[in-house]
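Here's the letter readout for the chains.
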Amino acid sequence: SRKYGFPLEGQASNGPSFGLLLDTRDSVINASRGWMAAATYRPYFTALGSAAAWQQLLLDVRTYRQLARDDRHTIAAWAYSDMVVGGVAPYFALPSTGNDTYGRAGRGYVEGRFRGDRLVYGEVELRSRLMANGLLGMVAFLNATTVSNRETGESLFDDLAPGGGIGARIRFNKRSKTNICIDLGWGRDGSRGLYFGLQEVF
């Protein structure tokens, strides 16, 4: 913040947002088939009160495939990127772990554990119903995060932060297939966490 002259008492990023969404999922809460792709571009302007003039690009792709005729077993995959594509972003506005729309990425690490000018994230999750009525279920997941940092010269994919874990699912609403999610995640260097949520992570 001192290097780039940002105010130390508080920083804002203000500007419009332009988005494009394509979605064929059977459910936005708990999808078992289909895919989703989204792109969002956000320019921030000092004239609107932003601490700096900079631009952000977010890309989000998700796909779901049933491993049987019903949705008893589903494999889900998620690719996400958050990139500063122009200017210099204030520190707390930089792309970081868990800074996605719903703060669900990077199970195995605390929010903000990895931060840089550009972030790429990927996750694969196996979802299974343990009871025919869907009351109880479980998941197993693997993920990886990579960031770039102009201050240290680190580029994307110079280093990967892997994570993984397991979780339990308790059906909260049968009609919408909404689950209560309880996940245990592990990352490198002894990092770990317990995560609670309502509806699937992605």
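Above: the structure in question.
First, a word on what this report is: a plain description of the structure on this page.

Conventions and cut-offs
- Residues numbered from 1 in each chain as written.
- Predicted model: local features only at pLDDT ≥ 70, side-chain atom pairs only at ≥ 80, totals over all residues.
- Heavy atoms only, no water.
- Helix = DSSP H or I, 4+ residues; strand = E, 2+ residues; numbered from the N terminus.
- Rg over C-alpha atoms; globule rule 2.2 N^0.38 Å.
- Buried < 20%, exposed > 50% of the residue type's maximum accessible area, 1.4 Å probe, protein only.
- 1 Å grid on protein atoms, 1.4 Å probe; cavity = no way out; pocket = protein on both sides within 12 Å on 5 of 7 lines; lining within 4 Å.
- Points joined across faces, edges and corners; volume = space filled by probe spheres on them.
- Core = buried A, V, L, I, M, F, W, Y, C linked by side-chain atoms within 4.5 Å.
- Contact = heavy atoms within 4.5 Å.
- Salt bridge = Lys/Arg side-chain N within 4 Å of Asp/Glu carboxyl O.
- Pairing = 2+ DSSP bridges.
- Axes fitted to C-alpha atoms, helices over the stretch in contact; angles between N-to-C directions.
- Nonpolar A, V, L, I, M, F, W, Y, C, P; charged D, E, K, R; others polar.

Remarks on the overall build of the chain
Alright, step 1. When you go through the chain residue by residue, the secondary structure sums to 0 helices and 9 strands.
Alright, step 2. Computed over its C-alpha atoms, the radius of gyration of the chain comes to 18 Å, within 12% of the 17 Å expected for a compact globule of 202 residues.
Alright, step 3. Expressed along its principal axes, the backbone C-alpha trace of the chain runs to roughly 60 × 35 × 30 Å.
Alright, step 4. Out of the 202 residues in the chain, the part that is buried amounts to 41%.

Focus on empty space enclosed by the protein
Alright, step 1. Across all of its chains, the model carries 1 cavity of 30 Å³ or more by this definition.
Alright, step 2. Here the largest cavity defines a volume of roughly 50 Å³.
Alright, step 3. Together, Tyr80, Ser96, Thr97, Gly98, Asn99, Asp100, Ala105, Gly106, Leu119, Tyr121 and Thr145 line the largest cavity.

Here's the deal with the nonpolar core
Alright, step 1. By size, the foremost hydrophobic cluster in this structure holds 15 residues, and its most contacted members are Tyr64, Trp78, Tyr80, Phe114, Leu119, Tyr121 and Phe202.
Alright, step 2. Secondary-structure elements contributing two or more residues to this core are β3 (54-66), β4 (73-87) and β5 (118-129).
Alright, step 3. Per-element accounting of this core gives the leading share, 3 residues, to β4.
Alright, step 4. If we ignore the near neighbours within four places in the chain, the residues touching Tyr64 are Arg25, Ala31, Ser32, Arg33, Gly34, Thr74, Ile75, Ala76, Arg127 and Phe202.
Alright, step 5. Grouped together as the second largest cluster of nonpolar side chains are 8 residues, Tyr44, Val84, Ala93 and Leu94 included.

Things to note about the pattern of salt bridges
Alright, step 1. Considering all chains together, one arrives at 17 salt bridges under this definition.
Alright, step 2. A salt bridge links Arg33 to Asp26; the shortest N-O distance between them is 3.5 Å.
Alright, step 3. Residue class for Asp26 comes out partly exposed when judged on its relative accessible area of 32%.
Alright, step 4. Measuring nitrogen to oxygen at the nearest pair gives 4.0 Å for the salt bridge that ties Glu200 to Arg127. In this pair, Glu200 is assigned in the segment after β9 (192-198) and Arg127 in strand β5, connecting sequence segments 73 residues apart.

Observations concerning the sheet that holds strand β6 (residues 136-148)
Alright, step 1. Spatially, β1-β2-β3-β4-β5-β6-β7-β8-β9 is the arrangement adopted by the 9 strands of the open sheet, whose pairing is antiparallel. The sheet is open, and its two edges are formed by β1 (18-23) and β9, each paired on a single side. Shown here is a sheet whose adjacent strand axes are inclined to one another by a mean of 15°, direction ignored.
Alright, step 2. Judged from the 10 bridges that link them, strand β7 (residues 161-173) and strand β8 (residues 178-187) form a sheet pairing that is antiparallel. From the neighbouring strand, Asn173 faces β8, where its bridge partner is Thr178.

Examining the layout of surface pockets
Alright, step 1. One number sums up the size of the largest pocket: a volume of about 570 Å³.
Alright, step 2. Along the walls of the largest pocket sit 30 residues, with Met36, Asp60, Arg62, Thr101 and Tyr102 positioned nearest its centre.
Alright, step 3. Where the lining of the largest pocket is concerned, the elements lending two or more residues are β1, β2 (34-44), β3 and β4.
Alright, step 4. It is β2 that provides the largest number of residues to the lining of the largest pocket, a total of 6 residues.
Alright, step 5. For the lining of the largest pocket, the residue count by class is 16 nonpolar, 6 polar and 8 charged.
Alright, step 6. Estimates place the volume of the second largest pocket at around 260 Å³.
Alright, step 7. If you trace the second largest pocket, you find 15 residues lining it, with Tyr4, Ala89, Tyr91, Leu94 and Glu151 closest to the centre.
Alright, step 8. A breakdown of the residues in the lining of the second largest pocket according to their chemical character gives 7 nonpolar, 3 polar and 5 charged.

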